[in-house]
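Report on the structure
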Amino acid sequence: MTSQESTPTDGTAAPSSGTGTVITGTAPGTDPGFVTETRVFYDAVAEDYATVFRHELEQKPLDRAVLRGFAELVLADGGGEVADLGCGPGRVAGYLASLGVSVFGLDLSRSMLAVARRENPGLRFESGSMLELTLPDASLAGVMAWYSTIHTPDERLPELFAGFRRVLRPGGHLLLGFQVGDVPKRRENPYGHQVSLDFRRRRPDAVAALLEEAGFEPVWRVERARALQEPTSQAALLVRRPAGPAD
């Protein structure tokens, strides 16, 4: 995922990694319209996206610091599996893996998953929808949704965040990255492809309130000015599922 709006990826996803596992509870052909639109968009732009943003993380030390902080918290809590939901071409999953995190990626787009597997051959990438996770309860040490909730409509966020909490073990951390703002941006015909998609900008206070309503505890938040060609400021929120018996 990327913080620029030229083309980040969502967090609802497509084919299997070759393991035969499909982490979704939705039957083929029954996806909500925005999920289908997201899949079509990223299937079209995947190769261009991967090329344009291949080195973006190298140019953003503050973003790397946020990801490192998340990785260190996961490892300090004993490690365990982390899901990169809406992983796109796998760039951020690869970075977490380089820090010693046991991470797998999930995405909606067949084309994005093909890129992720090609460029990160040692990692596992699965198909599925982050709105329809069938992972066991309390099975993950961490969840990352790095610019992957930005295509999810506002009214679906409570359901989405409840699902994130369900799959996290008590004490597990969730990291969200997103663009700051109030008005969605419609991207039309990126890289010459005849596709379009809404990119939703949100206010950190509003997202934080929804996360608390879903049962998360705040840990920290970062809001930074735009960098490179970003059109807006950017935010990252780190929260945790409260420690204690799984409920």
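The structure this text deals with has already been given above.
Values in this document were obtained by computation on a predicted structure and should not be read as measured data.

Okay, the nonpolar core next. Among the nonpolar cores identified, the biggest contains 45 residues, and Phe 161, Phe 164, Leu 174, Leu 176 and Leu 211 are the most heavily contacted of them. In this structure, Phe 70, Cys 87, Val 92 and Met 144 belong to the second largest nonpolar core, which totals 24 residues.

Contact pair helix 2 (residues 61–76) / helix 3 (residues 91–98): the axes reach a minimum separation of 10 Å and the direction vectors enclose 55°. Classified by the angle their axes make, helix 2 and helix 3 are oblique. Crossing geometry of helix 2 relative to helix 3 is assigned as right-handed. Contacts between helix 2 and helix 3 involve Arg 64, Leu 67, Arg 68, Phe 70 and Ala 71 on the former and, on the latter, Val 92, Tyr 95 and Leu 96. When the residues that make up the contact of helix 2 with helix 3 are grouped by side-chain class, the tally is six nonpolar, no polar and two charged.

With that out of the way, let us pick up the packing of aromatic side chains. Across all of its chains, the model carries six aromatic pairs by this definition. Between the aromatic rings of Trp 146 and Tyr 147, the centroid separation amounts to 5.3 Å while the plane-to-plane angle is 90°, which identifies the pairing as edge-to-face. Each member of the pair, Trp 146 as well as Tyr 147, is classed as buried. Between Phe 161 and Phe 164 the ring centres are 6.1 Å apart and the planes differ by 45°, which places this aromatic pair in the tilted class. In this pair, Phe 161 and Phe 164 both sit in helix 5 (residues 157–167), three residues apart, roughly one turn of the helix. The same class applies to Phe 161 as to Phe 164, namely buried. The ring of Phe 104 is capped by Arg 124, whose NZ or CZ atom sits 4.3 Å from the centre of that ring.

Procedures and definitions
Sequence order sets the numbering: in each chain, residues are counted from 1 along the sequence as written. Local features in this predicted model are restricted to residues of pLDDT 70 or higher, and side-chain atom pairs are both shown and tallied only at a pLDDT of 80 or more, whereas totals for entire chains, interfaces and linings draw on every residue. To obtain the side-chain values, all non-hydrogen atoms of the structure were included, while hydrogens and water were left out. The term nonpolar core refers to a set of buried residues drawn from Ala, Val, Leu, Ile, Met, Phe, Trp, Tyr and Cys, joined through side-chain atoms within 4.5 Å. Under the scheme applied here, a residue whose accessible area is under 20% of the maximum for its type counts as buried, over 50% as exposed, and between as partly exposed, the area being computed with a 1.4 Å probe on protein chains only. In this analysis, axes come from line fits to C-alpha atoms, helices being fitted only over the stretch in contact, and the angle between any two N-to-C directions falls in the range 0 to 180 degrees. The secondary structure listing takes helices from DSSP runs of H or I that are at least 4 residues long and strands from runs of E that are at least 2 residues long, numbered from the N terminus. Any angle between 65 and 115 degrees counts as roughly perpendicular, while under 35 counts as roughly parallel, over 145 as roughly antiparallel, and the rest as oblique. Throughout, a crossing is termed right-handed when the near helix is turned clockwise from the far one, and left-handed when it is turned anticlockwise from it by less than a right angle. Contact criterion: two residues are considered in contact whenever any of their non-hydrogen atoms come within 4.5 Å of each other. The residue classification treats Ala, Val, Leu, Ile, Met, Phe, Trp, Tyr, Cys and Pro as nonpolar and Asp, Glu, Lys and Arg as charged. All others, Gly included, are polar. Stacked, edge-to-face and tilted are the three classes for Phe, Tyr and Trp ring pairs, Trp counted by its six-membered ring, which pair at centre distances within 6.5 Å; planes under 30 degrees apart are stacked, over 60 edge-to-face, the rest tilted. Both a distance and an angle decide whether a charge sits over a ring: NZ of Lys or CZ of Arg must be within 6 Å of the ring centre and within 35 degrees of the ring normal.

So far we have only geometry, and geometry alone does not tell us how the molecule works.
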